[in-house]
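Observations on the three-dimensional arrangement
Listed below are the residues making up each chain.
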Amino acid sequence: MHIRQVRKVKRNRLPIRVWQEYQQPSSEAALMQLLRPYNGSHIHGFYQLLWPKMRRRMRLLWTLALLSAFTVLIYISYLLGERYHLKQFHTLIADSHWPIQNIAFPVLIVCNKNRLNWSRLPEVSRRYNISAAQQPLFERVLTAYDALTTTRFDVFETLHDQPLETINHLNFTQIVSELSWRCDEMLRDCSWHTQYRNCCELFRPRRLPQGPCLAFNEEEQRASAETGRSTGLIVRLLLNEERHAPGNRETKGFVVDIVEPGNWYSFPISLMPYTDTDIGLSAVYHFYDEDTFSMSSQQRQCLLDYEHEGHHFQTLKGYKYRMENCLAECQQRHMLRYCNCTLDLFYPPSDHVACQLKDVLCLAAHNHLFQNVGQTGEESYVIQNGTGIICDCVYNCKSLTLITDERQVLSGLWQVDNGSLRITNRSMLLNFYYNQNIILVYRTSLIYSWMDLIVSFGAICQLCLGCSIISILELCYFVLVDVPRFCCSHYVSN
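Described in the following lines is the structure provided in the data block. As a convention, each chain's residues are numbered from 1 in the sequence order in which they are written. In keeping with the predicted nature of the model, local features appear solely for residues at pLDDT of at least 70, side-chain atom pairs appear and are counted solely at 80 or more, and the whole-chain, interface and lining totals rest on all residues. Working from all heavy atoms in the structure, the side-chain values ignore hydrogens and water.

1. Concerning the state of the cysteines
Throughout, disulfides are identified as pairs of cysteine sulfur atoms within 2.5 Å of each other. On inspection of all chains with the given rule, the structure shows seven disulfides. Note on cysteine connectivity: Cys 339 is disulfide-linked to Cys 362, with sulfurs 2.1 Å apart. Torsion about the S-S bond of the Cys 339 and Cys 362 cystine: about -90 degrees, corresponding to left-handed handedness. Linking Cys 339 in helix α11 (residues 323–339) with Cys 362 in helix α12 (residues 360–365), this pair joins segments that are 23 residues apart in sequence. Helix and strand assignments follow DSSP, with helices taken as H or I runs no shorter than four residues and strands as E runs no shorter than two, numbered in order from the N terminus.

Below is the structure:
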């Protein structure tokens, strides 16, 4: 009996040993228990790489596959980061049917090419006590002012070798303003929104690089939603050729400047004498979105209203930053640079020193510089023969571009009288209106913002590793929590 029991124990010893070995926590079993929560995870290749019973060859292949995926991920992430760092822009259409009534009707500025009403010269001469000896020089100076613009300082060349000191005490900016055309002398038959209005209620005196002028809608900033001919502003311009300065032989006619409210000037339109002119208007609005505001003005290449300390900031006193205002201020500063004064007749009141009569000879000597005005980077296109001025101005980040469609037709002014031609009408009709009631709006934004960078990185992860953000968090949790816990528990058990 005893021998039989001993044989039975020996017979069952091997299964018992195997059972005991299975009950002991081996490293492979513990590792499989650790990886069990991640079975079926989206981290492709990671589970196969750590599977204890994976063949060595397959483990090597999976290692190479994961390393290749991570390499591609890092390289493409670098390309995305570099592209974001370059701050590249793209411009898209934000709205193709923005109502034009959301903006103010443009400012219409009308100037007679002959700036002065010569019929008031005797009155002004008596007011300023001009003597008989001074009268010829006084008239000669005013004849030059009659044709003066910011690009025609050469009209003062006729004053060389003249005794300018005899009348240098006179304020010719004030005298020219008093001799300039009044509203009732230059305008009549005004109509706004098909209703007749008093022209002097619509137009007000205004300075311009073309000289003293009359401006419509600068302060009121009326809006309009009407479109089509005769629905905007209609005004008849009176040339009054018999009241022009007899010594001014320049081309006669009018100049019309159309600007956005808040802009000092734009590119003027010349109106030939004795023509009726229709000017249809459309507009394009362009703005930079908020994603670009975190960048500097040098990177963005535009200025916001509040960026007064920017590298490019310079504007007329009392005016918000606009590129046109920056160019006007730049011209003033160049006058100060060359002649230590500025011709305030062309600009709003400022703290700059105003030129006296003796200073106009200096302006005439530097006239060739003011013939060409360009911006930084335009030297090879604007500056000719090395003469001109360069202004460091950039666009404003919110800008309105006015597009004009101009049509001039000769009015029925000529009539045969006893075999000769004579002028029967000395007025010109100007019709200014909207062509369409919608505005095309463009938006400039970054190609890659922070949000785009995150989305692009997630998409690359999906492509290269087949993983999601949750899988990445699972991987981090596994490395930082489960692996240390496994190592500690395995060390204690041994």
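From this point, the narrative continues.
2. Considering helix α7 (residues 172–179)
Residue exposure (1.4 Å probe, protein chains only): buried if accessible area is under 20% of the type maximum, exposed if over 50%, otherwise partly exposed. For α7, the buried fraction is high: six of the eight residues fall into the buried class. Within α7 the residues assigned to the buried category are Phe 172, Thr 173, Ile 175, Val 176, Glu 178 and Leu 179. In this analysis, two residues are considered to be in contact whenever any of their non-hydrogen atoms come within 4.5 Å of each other. Of the surrounding secondary structure, the elements contacted by the buried residues of α7 are α5 (121–127), α6 (135–146), β5 (203–208) and β6 (211–216). We call two N or O atoms a polar contact when they sit within 3.5 Å, provided that within protein one can donate a hydrogen and the other can accept it, with sequence-adjacent residues counted only if both atoms are side-chain atoms. The backbone nitrogen of Thr 173 has a side-chain oxygen 3.2 Å away, supplied by the residue at the start of α7, namely Asn 171.

3. Remarks on the packing of aromatic side chains
Planes of paired rings set the category: under 30 degrees apart is stacked, over 60 is edge-to-face and the rest tilted, where pairs are Phe, Tyr or Trp rings (Trp by its six-membered ring) whose centres lie within 6.5 Å. A full pass over the atoms with the stated rule returns 17 aromatic pairs. On the basis of an interplanar angle of 85 degrees and a centroid distance of 6.0 Å, the ring pair of Phe 89 and Tyr 288 is categorised as edge-to-face. One end of the pair, Phe 89, is in strand β1 (residues 89–99); the other, Tyr 288, is in strand β10 (residues 275–288), with 199 residues separating them in the sequence. Overall, Tyr 288 belongs to the buried group, its relative accessible area being 14%. On the numbers, 5.0 Å between centres and 65 degrees between planes, the contact of Phe 105 with Tyr 434 is edge-to-face. With Phe 105 in the loop between β1 and β2 (107–112) and Tyr 434 in strand β18 (residues 427–434), this pair connects stretches of sequence that are 329 residues apart. Taking relative accessible area as the criterion, Phe 105 reaches 0% and is therefore assigned buried.

4. Overview of the layout of surface pockets
Buriedness for pockets is judged along seven lines, at least five of which must meet protein on both sides within 12 Å for an open set on the 1 Å grid over protein atoms alone, while cavities are sets there where a 1.4 Å probe fits but cannot get out, and lining residues have an atom within 4 Å of a point. Grid points are joined across faces, edges and corners, and a volume is the space filled by probe spheres set on the points. Approximately 1100 Å³ is the volume found for the largest pocket. Taken together, 42 residues make up the lining of the largest pocket; nearest its centre are Tyr 265, Ser 266, Phe 267, Met 323 and Glu 324. Counting only elements with at least two residues in the lining of the largest pocket, the list comes to β8 (254–259), β9 (269–271), β10, α11, β12 (373–375), β14 (395–396) and β15 (398–410). In terms of residues, the lining of the largest pocket owes the most to one element, β15, which gives five residues. Residues are grouped as follows: nonpolar covers Ala, Val, Leu, Ile, Met, Phe, Trp, Tyr, Cys and Pro; charged covers Asp, Glu, Lys and Arg; every other residue, Gly included, is treated as polar. The residue makeup of the lining of the largest pocket, split by class, is 20 nonpolar, 17 polar and five charged. If you add up the space inside the second largest pocket, you get close to 350 Å³. Around the second largest pocket, the lining is made up of 19 residues, and of these Ser 177, Ser 180, Pro 205, Arg 206 and Cys 213 lie nearest the centre.

5. Thoughts on the pattern of salt bridges
Two side chains of opposite charge can pair, provided their charged atoms sit close to one another. Take a side-chain nitrogen of Lys or Arg and a carboxyl oxygen of Asp or Glu: if they are within 4 Å of each other, that pair is a salt bridge. Using the criterion set out here, one finds 16 salt bridges in the structure. As a salt-bridge pair, Glu 123 and Arg 127 come within 2.7 Å of each other at their nearest N and O atoms. Residue Glu 123 and its partner Arg 127 are both found in helix α5; the two are separated by four residues, about one turn of the helix. When its relative accessible area of 35% is taken as the criterion, Glu 123 is described as partly exposed. Taking the relative accessible area as the measure of exposure, Arg 127 reaches 42% and is therefore partly exposed.

6. What to know about the sheet that holds β9
At least two DSSP bridges between two strands are required for those strands to pair. What the five strands build is an open sheet, ordered β5-β6-β2-β8-β9; its pairing is antiparallel. For this open sheet the edge positions go to β5 and β9, each flanked by a neighbour on one side alone. Taking the axes of each pair of neighbouring strands and ignoring which way they run, one obtains an average angle of 30 degrees across the sheet. Only the stretch in contact is used when a helix axis is fitted, and all axes are lines through C-alpha atoms; the angle between N-to-C directions ranges over 0 to 180 degrees.

7. What to know about the side chain of Thr 292
By secondary structure assignment, the location of Thr 292 is in the loop between β10 and α10 (297–300). Given a relative accessible area of 0%, Thr 292 falls into the buried group. Discounting chain neighbours no more than four positions away, the residues touching Thr 292 are Phe 89, Arg 300, Thr 444, Ser 445 and Leu 446.

8. Looking at a nonpolar patch on the surface
To count toward a patch, a residue needs a relative accessible area over 30% and no salt bridge; like charges are then connected within 9 Å, while nonpolar side chains (Val, Leu, Ile, Met, Phe, Trp, Tyr) are connected within 5 Å. Here the accessible surface of atoms and residues is derived via Shrake-Rupley with a 1.4 Å probe, and residues count as covered only by protein chains that are part of the display. Taken together, the side chains of Met 58, Leu 60, Leu 61, Leu 64 and Leu 67 make up a nonpolar region of the molecular surface, amounting to roughly 480 Å² of accessible area. One can find Leu 60 in helix α4 (residues 56–86).

9. Some points on the packing of α6 against α7
The N-to-C vectors of α6 and α7 enclose an angle of 70 degrees; their axes lie 11 Å apart at closest approach. The orientation of α6 relative to α7 falls into the category roughly perpendicular. Of the residues in α7, those in contact with Phe 138, Val 141, Leu 142 and Tyr 145 of α6 are Phe 172, Ile 175, Val 176 and Leu 179. Working definition: roughly parallel below 35 degrees, roughly antiparallel above 145 degrees, roughly perpendicular at 65 to 115 degrees, and oblique for all remaining angles.

10. Concerning the pairing of β5
The pairing of β5 with β6 spans six bridges and is classified as antiparallel. Paired with Arg 204 across the two strands is Ala 215, which belongs to β6. Two successive antiparallel strands, β5 and β6, enclose a turn made up of two residues.

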